[in-house]
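What follows is the residue order along each chain.
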Amino acid sequence: MPAKGAGPVVNVVVVGGGVVGLSVAWRAARRGHTVTVVDPAPGSGASHAAAGMLAPVSEVTYTEEPLLRLGLASLARWPAFAAELSREAGQDVDYRAHGTLDVAFGADDLAALGEMADFMEKLALPVERLTGRECRRAEPMLAPSVRGGVLAAGDAWVDPRRVSAALLAALEARGVTVVADRVTGLAVEGGAVRGVRPARGGTIGADRVVLAAGAWSGSLEGVPPEVLPPVRPVKGQIMRLRGAPGFLGRCVRGVVHGSSAYLVPRGDGEIVLGATQEEMGFDTRVTAGGLWELLRDARELVPGITELEVADVRAGLRPGTPDNLPVIGRSAMEGLLLATGHHRGGVLLSPLTADFVAAELDRSPADPVPDHSPGLPGDPPVGEICSPLRFRHGRQAGAHMDEGGAGRPARQAAAPETR
């Protein structure tokens, strides 16, 4: 049955089986909609490579306050989201809320971290400044050369692989159809979307289509160029090591050799090291140079990681946008909604995205677009910040243009969305 206050039941096709797409499908199915997910290999893309950091506070920058607001709103949803999903799927998703410790080595790094802490405090974010000794007391495996740090106690993390598996189990329990195929284009009648065309032929009809195909969202037949989101692939290589549980108690981050490195512990003793950021198109090769950088930087933070077993190496493609903000909501094409462009925050922003899109599916296309996602007080204006319409006619909100005219982010983040 539809959720209380939900609109008419509609037939929905979600294109994309990552954490974002599966979350949208699950929330839509819970509201009573008939849902089909189409993806060549659900749960195996960028979400499978992701570290799962839910860290809007420790990743705040001077230029990304709108993204911070989105992240905080979605982080507030994660405890209930994880609990509901675990209960419905019968699987634990390894959600942990022990915070992120950002550390510095040299005087310059420590000064920069102090300035960032000042900025966090001005935004009333919960952070605590620590001396080097206090950092090592909190995490004994840290390098002796750590000079100080900042603890963002409200940050959390989750295992995206477990989240994907749980979402697929929950969708199966609700009778959602998952089609293992690639969507080659949209079925369009009279300028409105009426379904999708899978690679194997035929058409899967739908009242609404949600495009959540990550880095592949920017190229789909049947969509006018001005409607397609300006999404590009941003490659990230990531490594998983295996050790004893308790090796680290929380996420650890630091600036090493000019770039941000992070280590994320799992409950079973796995440690995730990440991540490179490479503008390499759709290249998903794992390279020796990329892995060397990960190990080199992680060893500076936690020397003992060199004694751990290598469990897995992976490369994923995060969907980047010109302004580093996701593209969520109703497009200019009737029947087509977007849920993509989450870049380095796909796992973090999944609950907020799913709530907003599921609520939008309850409305008639003629209804006005809401600014916020209902359910929690203080939600940011998602409909305004993330509107797909902001890119129409070449407008790229918040983007800077390089000499060749291509949009690029104002700041290159060191640890984007293979998380």
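Structure: see above.
Residues numbered from 1 in each chain as written. Predicted model: local features only at pLDDT ≥ 70, side-chain atom pairs only at ≥ 80, totals over all residues. Heavy atoms only, no water.

Taken in spatial order, the eight strands make up an open sheet running β5-β6-β4-β14-β15-β16-β13-β17, and their pairing is mixed. Taken across any chain shown, the strands that pair with only one partner, and hence form the sheet edges, are β5 (128-131) and β17 (309-320). Adjacent strand axes in the sheet meet at a mean angle of 25 degrees, parallel and antiparallel pairs treated alike. Pairing of strand β13 (residues 232-242) with strand β16 (residues 270-274) involves four bridges; the strand directions are antiparallel. Paired with M239 across the strands is L273, a residue of β16. Packing of helix α7 (residues 288-301) onto the sheet brings it into contact with β4 (100-104), β13, β14 (251-256), β15 (259-265), β16 and β17, and relative to β13 it is tilted by some 55 degrees. (Pairing = 2+ DSSP bridges. Helix = DSSP H or I, 4+ residues; strand = E, 2+ residues; numbered from the N terminus. Axes fitted to C-alpha atoms, helices over the stretch in contact; angles between N-to-C directions. Contact = heavy atoms within 4.5 Å.)

Turning our eyes to something else, we now look at helix α3 (residues 65-89). For α3, built from 25 residues, the straight-helix expectation of 36 Å at 1.5 Å per residue is met to within 8% by its first-to-last C-alpha distance of 34 Å. Where α3 bends most, the angle comes to about 40 degrees, and this point is W78, followed within four residues by the proline P79. (Expected span 1.5 Å × (residues − 1). Bend = angle between axes of the 7 residues up to and from the residue.)

Take the nonpolar core next. A general trend in soluble globular proteins is that nonpolar side chains are found buried together. Core analysis: the biggest nonpolar cluster contains 50 residues, and V14, V35, L70, L85 and V210 have the highest contact counts within it. Breaking this core down by element, the ones donating at least two residues are β1 (11-15), α1 (19-30), β2 (34-38), α3, α6 (160-173), β19 (336-340), α8 (346-361) and α9 (382-385). The greatest single-element share of this core, amounting to nine residues, is contributed by α3. Beyond its immediate chain neighbours, meaning those up to four positions away, V35 contacts V12, V14, A25, A28, A29, V176 and T177. Within the second largest apolar cluster, 26 residues are counted, among which are F105, A143, F247 and L248. (Core = buried A, V, L, I, M, F, W, Y, C linked by side-chain atoms within 4.5 Å. Buried < 20%, exposed > 50% of the residue type's maximum accessible area, 1.4 Å probe, protein only.)

Attention now moves to the packing of aromatic side chains. Scanning the entire structure with this criterion turns up four aromatic pairs. A centroid spacing of 5.3 Å and a plane angle of 85 degrees characterise the contact between W26 and F81, whose relative ring orientation is edge-to-face. Of this pair, W26 sits in helix α1 while F81 sits in helix α3, and the two are 55 residues apart along the sequence. By the burial criterion, W26 is buried, and F81 matches it. (Phe/Tyr/Trp six-rings, centres within 6.5 Å; stacked < 30°, edge-to-face > 60°.)

Our next topic: α1. Counting along an α-helix, one turn takes 3.6 residues, and residues three or four places apart therefore face a common direction. The end-to-end C-alpha separation of α1 is 16 Å, in line with the 16 Å expected for twelve residues at 1.5 Å each. The buried fraction of α1 is high, at eleven of twelve residues. Just past α1, the residue G32 takes up positive phi, approximately 100 degrees.

By the element assignment, D379 lies in the loop between α8 and α9. Take D379: its relative accessible area is 14%, and that puts it in the buried class. One polar contact links D379 to R77, side chain to side chain, over a distance of 3.0 Å. (Polar contact = N/O pair within 3.5 Å; in protein donor to acceptor, adjacent residues only side chain to side chain.)

Moving on to a nonpolar patch on the surface. A contiguous nonpolar surface patch, about 200 Å² in accessible area, is contributed by V286, V310 and V313. Tracing the backbone shows V310 in strand β17. (Patch = residues over 30% accessible without salt bridge, like charges linked within 9 Å, V, L, I, M, F, W, Y side chains within 5 Å. Areas by Shrake-Rupley, 256 points an atom, 1.4 Å probe, with all protein chains shown as cover. Salt bridge = Lys/Arg side-chain N within 4 Å of Asp/Glu carboxyl O.)

This brings us to the packing of α1 against α6. Running from N to C, α1 and α6 cross one another at 30 degrees; their axes reach a closest spacing of 10 Å. Classified by the interaxial angle, the pair formed by α1 and α6 is roughly parallel. When you trace α1 past α6, the crossing you get is left-handed. Mapping the contact onto sequence places V19, L22, S23, A25 and W26 in α1 and P160, V163, S164, L167, L168, A170 and L171 in α6. Here the contact of α1 with α6 is composed, by residue class, of ten nonpolar, two polar and no charged. (Parallel < 35°, antiparallel > 145°, perpendicular 65-115°, else oblique. Left-handed = near helix turned anticlockwise from the far one by under 90°. Nonpolar A, V, L, I, M, F, W, Y, C, P; charged D, E, K, R; others polar.)

Moving on, we come to unusual backbone geometry. Note that the residue after G274, namely A275, is joined by a cis bond; omega there is -20 degrees. Examined against the element boundaries, A275 turns out to sit in the loop between β16 and α7. Here N324, not a glycine, exhibits a phi torsion of approximately 65 degrees, which is positive. Residue placement: N324 occurs in the loop between β17 and β18 (327-330). The backbone of H343 shows a phi angle near 50 degrees, a positive value even though the residue is not glycine. Along the chain, the position of H343 falls in the loop between β19 and α8.

Moving on: the environment of G106. Relative to the elements of secondary structure, G106 occurs in the loop between β4 and α4 (107-122). Residue classification places G106 among the partly exposed residues on the basis of a relative accessible area of 26%. Sequence separation of G106 and V146 is 40 residues, and the distance between their C-alpha atoms is 7.9 Å.

A separate point is the environment of F247. Tracing the sequence through the fold places F247 in the loop between β13 and β14. For F247, a relative accessible area of 15% gives the class buried. Spatially, the C-alpha atoms of F247 and I305 are 9.1 Å apart, while their sequence positions differ by 58 residues. When sequence neighbours within four positions are dropped, the list of residues in contact with F247 reads E139, M141, I271, V302, G304, I305 and L308.

These figures come from the coordinates and say nothing about function on their own.
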